Amino acid sequence: MRSRLSLYLNTLSLEEILYLEEEIDRRKDRYRRAYSVLSIQTDRRITQTTGPASLGAMTRDLRKYIADCAAQGGGIQLAYSPEVSVLMFTTVEGASRSCTALLLGLPELNGKCADGSYQISLKLGLATGEDTLAPGSPRCVRTSPLVKRANQAAWRSNAGALMMDENAYQEWPDSHNAVRVPIEIDGMRIYRTIPSHNGDNNSYDNEKLNEFLAQVTKAGITTLKYALERHEQATPEVAGVWSKAVAIADLQLEGYDHTREKNLVYNEKLSAEGYSDRLEAIRRILSEMGLALVRLESAL
């Protein structure tokens, strides 16, 4: 059983105080490692809700969501609050996976609330370097220079984007997509990027999708429903008995316009091999717009 020893500095000599400081630093060095710290901040004060019941549900949902996204990158949660959370990773690559998961899953998280009151959007900040961090130690979090730098980067970031220091930029998987911003934090250069995934490409024409989303925004719709149906379809260029069936996925987005009392519908036909990437790209667009996304019960 561990016991505490009460020490009073006014009863110690200068030599004894210096010895204690050296001993504390020596013991702390056992936990000094290269870490990547990710700060997650909400874009607005989401704690200002209509009632304590909705605040409690939002707090639980957001905490579970952040913990699940941290696990995808092998991260550990150092601190949590509905407005600011801190995750710790051993690699920048793991932090990048969690950043992508955090941004892609936001539409589904916002869709958990039936009245659409969540509307959560996140700002991310990443700092990398050597530090002494221990999960479960609030003092480590308060005194950590990495946590401080990550918080300042997230505070300066935009919703749906990530700001990182130069150390993280050197190890970032898609560093060619990062842009240098004209600010410095603790004397370090800062870079801005949007964590990417396989669905972020220019192989799809978003003109009709943007027109649909413009109508959704004008109508004040905050929640969209989606359905995916997979079926077989014969190739049109080959007819008769030689026709070959290919897998096709029909994607449908739907939102109810209360002003005109009708549904706004968007349909897109995709190949079965690429529909998952396309759906992730649409999730990213909806995440940047702060829209919620729920799946229709009739979807396959």
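Source: prediction; values computed, not measured. (Residues numbered from 1 in each chain as written. Predicted model: local features only at pLDDT ≥ 70, side-chain atom pairs only at ≥ 80, totals over all residues. Heavy atoms only, no water.)

Trainee: So what's going on with the layout of surface pockets? Which residues, and what values?
Mentor: In this approach the atoms are scanned with a rolling probe the size of a water molecule, which exposes any empty space left behind. Estimated volume of the second largest pocket: approximately 310 Å³. Around the second largest pocket, the lining comprises 17 residues; the ones closest to its centre are Ile221, Thr223, Lys225, Tyr256 and His258. Of all the elements in the fold, those that place two or more residues in the lining of the second largest pocket are β8 (223–234) and β9 (245–257). The element that contributes the greatest number of residues to the lining of the second largest pocket is β9, accounting for four residues. When grouped by side-chain class, the residues that make up the lining of the second largest pocket number six nonpolar, eight polar and three charged. (1 Å grid on protein atoms, 1.4 Å probe; cavity = no way out; pocket = protein on both sides within 12 Å on 5 of 7 lines; lining within 4 Å. Points joined across faces, edges and corners; volume = space filled by probe spheres on them. Helix = DSSP H or I, 4+ residues; strand = E, 2+ residues; numbered from the N terminus. Nonpolar A, V, L, I, M, F, W, Y, C, P; charged D, E, K, R; others polar.)

Trainee: For the side chain of Ser121, give the residues involved together with the corresponding values.
Mentor: Within the secondary structure, Ser121 sits in the loop between α4 (106–110) and β4 (122–132). Apart from the residues lying within four places of it in its own chain, the contact partners of Ser121 are Gln41, Thr42, Asp43, Leu106 and Ala159. (Contact = heavy atoms within 4.5 Å.)

Trainee: Talk me through the sheet that holds strand β7 (residues 188–193); I want residue IDs and the actual numbers.
Mentor: Pairing in this open sheet of seven strands is mixed, and the strands run β2-β3-β1-β4-β5-β7-β6 from one edge to the other. This sheet does not close on itself; its edge strands, each paired only once, are β2 (76–79) and β6 (179–185). Going from strand to strand, the sheet's axes swing by 30° on average, the running direction of each strand aside. This element, helix α3 (residues 92–104), spans β1 (32–42), β3 (84–89), β4 and β5 (162–165) of the sheet and lies at about 165° to β4. Each of β1, β3, β4, β5, β6 and β7 touches helix α6 (residues 145–156); the most contacted strand, β4, lies at about 160° to it. (Pairing = 2+ DSSP bridges. Axes fitted to C-alpha atoms, helices over the stretch in contact; angles between N-to-C directions.)

Trainee: Please provide a residue-by-residue account of empty space enclosed by the protein, values included.
Mentor: On inspection of all chains with the given rule, the structure shows one cavity of 30 Å³ or more. Approximately 30 Å³ is the volume attributed to the largest cavity. What lines the largest cavity is simply Ile40, Thr42, Leu62, Ile66, Ser81, Pro82, Glu83, Val84, Ser85 and Leu122. Counting residues per element, the ones that place at least two in the lining of the largest cavity are β1, α2 (52–72) and β3. Along the lines of polarity and charge, the residues of the lining of the largest cavity split into six nonpolar, three polar and one charged.

Trainee: Tell me what's going on with unusual backbone geometry, and back it up with residues and numbers.
Mentor: One non-glycine residue, Asp186, lies in the positive phi region at around 55°. Examined against the element boundaries, Asp186 turns out to sit in the loop between β6 and β7. Despite not being glycine, Glu261 shows a phi value in the positive range, around 55°. Take Glu261: it is sitting in the loop between β9 and β10 (262–271). Classification of Glu261 by relative accessible area gives exposed; the value is 62%. (Buried < 20%, exposed > 50% of the residue type's maximum accessible area, 1.4 Å probe, protein only.)

Trainee: Before we move on, can you summarise the packing of aromatic side chains with the specific residues and values?
Mentor: Across all of its chains, the model carries two aromatic pairs by this definition. Both rings, one in Tyr169 and one in Tyr191, keep their centres 3.9 Å apart while their planes meet at 5°; by these two values the pair is stacked. In this pair, Tyr169 sits in helix α7 (residues 166–171) while Tyr191 sits in strand β7, placing the two residues 22 residues apart along the sequence. (Phe/Tyr/Trp six-rings, centres within 6.5 Å; stacked < 30°, edge-to-face > 60°.)

Trainee: Give a description of the side chain of Ser39 that names residues and reports values.
Mentor: Residue position: Ser39 is located in strand β1. In this structure the side chain of Ser39 is engaged in a polar contact, spanning 2.6 Å, whose partner is the side chain of Asn151. The contact partners of Ser39, leaving out residues within four places of it in the chain, are Val84, Ser85, Lys123, Leu124, Gly125, Ala150, Asn151 and Ala154. (Polar contact = N/O pair within 3.5 Å; in protein donor to acceptor, adjacent residues only side chain to side chain.)

Trainee: Account for the confidence of the model for the protein, with residues named and values stated.
Mentor: A residue-level look at the protein finds 82% of positions with pLDDT of 70 or above and a mean pLDDT of 81. Mean pLDDT across the secondary structure elements of the protein bottoms out at β8, with 75, and peaks at β5, with 95. (pLDDT = per-residue confidence, 0-100.)

Trainee: Account for the packing of helix α8 (residues 207–218) against helix α9 (residues 275–289), with residues named and values stated.
Mentor: Where α8 contacts α9, the two axes come as close as 12 Å, and the packing angle between them is 35°. Handedness of the α8/α9 crossing: right-handed. Residues Leu209, Leu213 and Thr217 of α8 lie in contact with α9, whose contacting residues are Arg278, Ile282, Ile285, Leu286 and Met289. Among the residues forming the contact of α8 with α9, the class breakdown is six nonpolar, one polar and one charged. (Left-handed = near helix turned anticlockwise from the far one by under 90°.)

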